[in-house]
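Single-letter residue listing:
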Amino acid sequence: MGTHWARQQVKNDELEGALAKTILWIKANRKVSGIIAGIALVIALVGFTAYHNFKVHRNNAWEKLGLAEGIYAAGHKDKAFSQIKDLEAQYSNTPAAGYGLLFAGDVSYSTGDYVTAEAYYRQLEAVNSQTLTPFALNDLALTYEASKACDKAEVEAQKFLDLYPDHFLAPQVHSVLARCYEAQGKMEDAKVAYQKIALEYPNTYFAAWAQDKISPKKGGKEVSSAPKTQKRPRKT
């Protein structure tokens, strides 16, 4: 106990000594210490201002995206796309800009404008976002399939599966591969793809769909294609 107290006392003495030396130095070097304090204050103010501007910048970007979506919902597609272009020009380094590209691509896809959809999804892929790149690749595969370019759809689907095998969109991407194999007459590859979906994603719509493709139910209504189940990632 005595030894512990002695060690603690030595530590206290050292701290008190260091504090006393610091106070004495400040008193002896008031001008220098004032400059240092001033510099620290300037750095703090610059950091706060930068952070505040960053938050305002991001919020403005989200507001612009919301405006674009609202304009489209009101039936003004061209004006909405104009807002998306402005969003890209003014806030290209924000998450909202990526979501804007995804939104524009989805709108184009849903209206059958696959060329424009491809262009937006390519832009989104180039952003290289951990959150949004899987959506870009998935949607590119779907877009190429819809435009009867199954060779390109296969490339994008395989790229997705190599990079994101455990992503929740993976079964949908597998379905693109399976349908494209079948469309091109690659029946053995298609069968393997359907079996993979049925085995790896049990108790899902995709598993039931794939199993029905492998062994169609007699008298039942065969499901011809899997839907585009677009699920938006959380906005951050």
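Along each chain, residues carry numbers from 1 onward, in the same order as the chain's sequence is written. Only residues with pLDDT of 70 or above have their local features reported here, since the model is predicted, and side-chain atom pairs are shown and tallied only from 80 upward, although totals for entire chains, interfaces and linings are computed over all residues. Hydrogens and water molecules were not included; the side-chain quantities draw on all heavy atoms of the structure.

1. With respect to the overall build of the protein chain
Next, step 1: In terms of helices and strands, the protein chain carries ten helices and zero strands.
Next, step 2: Sequence-ordered secondary structure for the protein chain, helices as α and strands as β, is α-α-α-α-α-α-α-α-α-α.
Next, step 3: Summary of the burial criterion: residues with accessible area below 20% of their type's maximum are buried, those above 50% are exposed, and those between are partly exposed, where the area comes from a 1.4 Å probe applied to protein chains only. Out of the 236 residues belonging to the protein chain, those deemed buried represent 35%.
Next, step 4: A separation threshold of at least 6 residues defines the contact pool for the protein chain, and within that pool the share at least 24 residues apart is 50%.
Next, step 5: Per element, the accessible surface of the protein chain, about 14,400 Å² overall, is 58% carbon and sulfur. Only DSSP runs of H or I reaching four residues or more are called helices, and only runs of E reaching two or more are called strands; each is numbered from the N terminus. We call two residues contacting when some pair of their heavy atoms lies within 4.5 Å. Surface accessibility in these figures is a Shrake-Rupley result with a 1.4 Å probe; residues are shielded only by whichever protein chains are displayed.

2. Some thoughts on the nonpolar core
Next, step 1: Judged by nonpolar contacts, the single largest core of 53 residues is most densely connected at Ile-84, Leu-87, Phe-160 and Ile-197.
Next, step 2: Here this core gets nine residues from one element, more than from any other, and that element is helix 4 (residues 95-110).
Next, step 3: Among all residues touching Ile-197, those that are not within four sequence positions of it are Pro-171, His-174, Ser-175, Ala-178, Phe-206, Ala-207, Trp-209 and Ala-210. We call a set of buried Ala, Val, Leu, Ile, Met, Phe, Trp, Tyr and Cys residues a nonpolar core when their side-chain atoms join them within 4.5 Å.

3. Focus on helix 9 (residues 187-200)
Next, step 1: To estimate the expected span of a helix, count its residues, drop one, and scale the result by 1.5 Å. End to end, helix 9 covers 20 Å across 14 residues, agreeing with the expected 20 Å (1.5 Å per residue, within 8%).
Next, step 2: Among the residues making up helix 9, those that are buried are Ala-190, Ala-193, Tyr-194, Ile-197 and Ala-198. Projected down its long axis, helix 9 shows its buried positions confined to an angular sector of 135 degrees, all on one face. Those residues of helix 9 that are exposed and angled more than 90 degrees off the buried face are Glu-188, Val-192 and Leu-199.
Next, step 3: Summarising the contacts, the buried residues of helix 9 are in contact with helix 8 (170-183) and helix 10 (205-214). In this description, the arc belongs to the directions extending from the helix axis to the C-beta atoms.

4. Let's talk about unusual backbone geometry
Next, step 1: The phi dihedral of Asn-128 falls on the positive side, at around 60 degrees, and the residue is not glycine.
Next, step 2: Structurally, the position occupied by Asn-128 is in the loop between helix 5 (114-127) and helix 6 (133-146).
Next, step 3: A positive phi angle is found at Asn-203, which is not glycine, with a value near 60 degrees.
Next, step 4: One can find Asn-203 in the loop between helix 9 and helix 10.
Next, step 5: The exposure class assigned to Asn-203 is exposed, which follows from its relative accessible area of 82%.

5. Description of the packing of aromatic side chains
Next, step 1: The rule is short: rings of Phe, Tyr and Trp, with Trp giving its six-membered ring, pair when the centres are within 6.5 Å, and they are stacked under 30 degrees, edge-to-face over 60, tilted in between. Counted under the stated rule, the structure contains eight aromatic pairs.
Next, step 2: Seen in terms of ring centroids, Phe-135 and Phe-168 are 6.0 Å apart; in terms of plane orientation they differ by 65 degrees. Their pairing is edge-to-face. One end of the pair, Phe-135, is in helix 6; the other, Phe-168, is in the loop between helix 7 (150-163) and helix 8, with 33 residues separating them in the sequence.
Next, step 3: Classification of Phe-168 by relative accessible area gives partly exposed; the value is 44%.
Next, step 4: Look at NZ for Lys and CZ for Arg. If either is within 6 Å of the ring centre and within 35 degrees of the ring normal, a charge sits over the ring. Between Lys-77 and the ring centre of Phe-81, over which it is positioned, the NZ or CZ distance is 5.5 Å.

6. A look at the packing of helix 6 against helix 8
Next, step 1: Interaxial angles span 0 to 180 degrees and are taken between N-to-C directions of axes, which are lines fitted to C-alpha atoms, for helices over the stretch in contact. Viewed as axis vectors pointing N to C, helix 6 and helix 8 meet at an angle of 25 degrees, and their least axial separation amounts to 10 Å. Judged by the angle between their axes, helix 6 and helix 8 are roughly parallel. Seen from above, helix 6 lies across helix 8 with left-handed handedness. Packed against helix 6, whose contacting residues are Asn-138, Ala-141, Leu-142 and Glu-145, the element helix 8 presents Gln-172, Val-173, Val-176, Arg-179 and Cys-180 at the interface.
Next, step 2: For this scheme, ten residues count as nonpolar: Ala, Val, Leu, Ile, Met, Phe, Trp, Tyr, Cys and Pro. Four count as charged, namely Asp, Glu, Lys and Arg, and the remainder, Gly too, count as polar. Considering only residue class, the contact of helix 6 with helix 8 consists of five nonpolar, two polar and two charged. Orientation is classified from the angle alone, with under 35 degrees giving roughly parallel, over 145 giving roughly antiparallel, 65 to 115 giving roughly perpendicular, and any other angle giving oblique. Here is the rule for handedness: rotate from the far helix to the near one, and if that takes an anticlockwise turn smaller than a right angle the crossing is left-handed, while a clockwise turn gives right-handed.

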